[in-house]
Amino acid sequence: MAGSVRTVLSEIRPAGHTPCMKKLFLTLLSGYVLAIAPCACASTLYNFGSPTGTLGTSQTYTSSGITITAYGFSGAGASMDLYGKNAGGDEVGLGLNGTLNDEIGTTNFVQLNLTNLLATNPASITMSIGSVQEGEGWNIYVSNTLGTLGTFLQTGTTDFSKTFTLNSLPKGDAFVSVQASSGNVLLSTLATTGSSVPEPGSAAILGAGLLGIGFFAKRVRVSHFQALQSLPSVRAC
């Protein structure tokens with residue numbers, strides 16, 4: 001009798017525990033693994049040396065499908081035309097039309113709207129300033145209002161790029177401005193490094209994966225219980 005019981009148990013295949021269910025489980029598990037993996041977001045690089053010449057009061061730039069917008073302002077917040085300069089060497093970047101050398105001075109500024117870029121949660125942002133001659137310098141400001149310099153962030157007196165993290169920006173401040181502290185300068189490039197924060201789509205996959213795995217596990221438990229209940233009663237010999 002014991003041998004018969006062992007044979008019956010070995011032949012039990014819980015209801016619903018089919019190859020299709022196995023494939024479903026593996027698919028859900030794969031989705032879960034992909035969802036919890038860090039987001040390999042593409043890095044971006046914006047080169048403000050193109051287009052060149054006199055531009056309007058605003059100009060868009062796109063990298064990796066993410067668009068940012070540059071604006072020109074006087075110190076009083078009045079709009080000014082931008083100027084794309086490409087004279088070789090470090091004389092490449094974005095300035096202001098009609099100013100000395102068509103560059104950014106101490107009484108005006110170029111402002112970037114980084115709303116779309118900040119939404120991707122970049123790990124860091126690097127800006128490079130060009131045309132910085134001996135005795136010249138620049139300041140970077142952040143603001144939550146278009147046309148306003150806002151809060152001082154960094155300063156420098158060379159062409160070397162400056163890097164700052166997203167955490168260093170006041171919450172909600174998406175407008176970053178460049179102004180000369182002395183002389184005149186250009187805004188040359190802006191670059192970001194990728195983020196390790198999962199995208200909203202990945203978070204949705206994670207939630208669906210967890211729900212699916214939980215549902216699958218419940219089905220398996222119920223199937224095993226029903227199969228054991230269907231066994232014939234066995235009395236001791």
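Residues numbered from 1 in each chain as written. Predicted model: local features only at pLDDT ≥ 70, side-chain atom pairs only at ≥ 80, totals over all residues. Heavy atoms only, no water.

1. Quick notes on the environment of Thr 52
Inference 1: Among the secondary structure elements, Thr 52 is positioned in the loop between strand S1 (44-47) and strand S2 (53-54).
Inference 2: You can call Thr 52 partly exposed: its relative accessible area is 49%.
Inference 3: For the pair Thr 52 and Ala 87, spaced 35 residues apart in sequence, the C-alpha separation works out to 9.9 Å.
Inference 4: Leaving out residues up to four positions away in the same chain, Thr 52 has contacts with Gly 84 and Asn 86. (Helix = DSSP H or I, 4+ residues; strand = E, 2+ residues; numbered from the N terminus. Buried < 20%, exposed > 50% of the residue type's maximum accessible area, 1.4 Å probe, protein only. Contact = heavy atoms within 4.5 Å.)

2. Side note on the side chain of Asn 184
Inference 1: As for its placement among the helices and strands, Asn 184 is situated in the loop between strand S13 (175-182) and strand S14 (186-193).
Inference 2: Leave out the neighbours within four places in its chain, and Asn 184 touches Leu 100, Asn 101, Glu 103, Ile 104, Gly 105, Ser 131 and Glu 136.

3. Re the pairing of S13
Inference 1: With six of its eight residues buried, S13 lies for the most part within the structure.
Inference 2: Relative to S13, strand S8 (residues 108-113) runs antiparallel, the two being bridged by four bridges. From the neighbouring strand, Asn 113 faces S13, where its bridge partner is Phe 175.
Inference 3: With seven bridges joining them, strand S10 (residues 137-143) and S13 adopt antiparallel strand pairing. Paired with Trp 138 across the bridge in S13 is Ala 180. (Pairing = 2+ DSSP bridges.)

4. As for the nonpolar core
Inference 1: Residues Phe 48, Leu 94, Leu 114, Leu 187 and Leu 190 are the most contacted members of the largest nonpolar core, which totals 33 residues.
Inference 2: For this core, the elements supplying multiple residues, two or more each, are strand S4 (66-74), strand S7 (92-96), S8, helix H3 (115-118), strand S9 (124-130), S10, S13 and S14.
Inference 3: In this view, Leu 187 contacts Phe 48, Gly 93, Leu 94, Ile 104, Val 110, Leu 112, Met 127, Ser 128, Ile 129 and Val 178; residues no more than four positions away in its chain are not counted. (Core = buried A, V, L, I, M, F, W, Y, C linked by side-chain atoms within 4.5 Å.)

5. Some thoughts on unusual backbone geometry
Inference 1: In this structure, the amide linkage connecting Ser 50 to the following residue, Pro 51, adopts the cis form with an omega of 5°.
Inference 2: Mapping Pro 51 onto the fold places it in the loop between S1 and S2.
Inference 3: Of note in the backbone geometry, Ser 131 takes a positive phi value of approximately 60° without being a glycine.
Inference 4: Note on placement: Ser 131 falls in the loop between S9 and S10.
Inference 5: Among the residues examined, Ser 131 registers a relative accessible area of 2% and is labelled buried.

6. A word on the confidence of the model for the protein
Inference 1: Averaged over the protein, the pLDDT score is 77; the fraction of residues at 70 or greater is 62%.
Inference 2: Ignoring residues within four places in sequence, the model shows residues 32-40, a span with pLDDT below 50, making 14 contacts including any to other chains. (pLDDT = per-residue confidence, 0-100.)

7. A closer look at the packing of aromatic side chains
Inference 1: Following the criterion strictly, the structure yields four aromatic pairs and no others.
Inference 2: Pairing Tyr 141 with Phe 152 gives two aromatic rings, centres 5.9 Å apart and planes at 75°, and the pair type is edge-to-face. Here Tyr 141, found in strand S10, pairs with Phe 152, found in strand S11 (residues 151-156); they are 11 residues apart in sequence, far enough to count as distant.
Inference 3: Taking relative accessible area as the criterion, Tyr 141 reaches 13% and is therefore assigned buried.
Inference 4: Judged by relative accessible area, which is 45%, Phe 152 ranks as partly exposed.
Inference 5: Among the aromatic side chains, those forming a connected cluster through ring pairs are Tyr 71, Phe 73 and Phe 109. (Phe/Tyr/Trp six-rings, centres within 6.5 Å; stacked < 30°, edge-to-face > 60°.)

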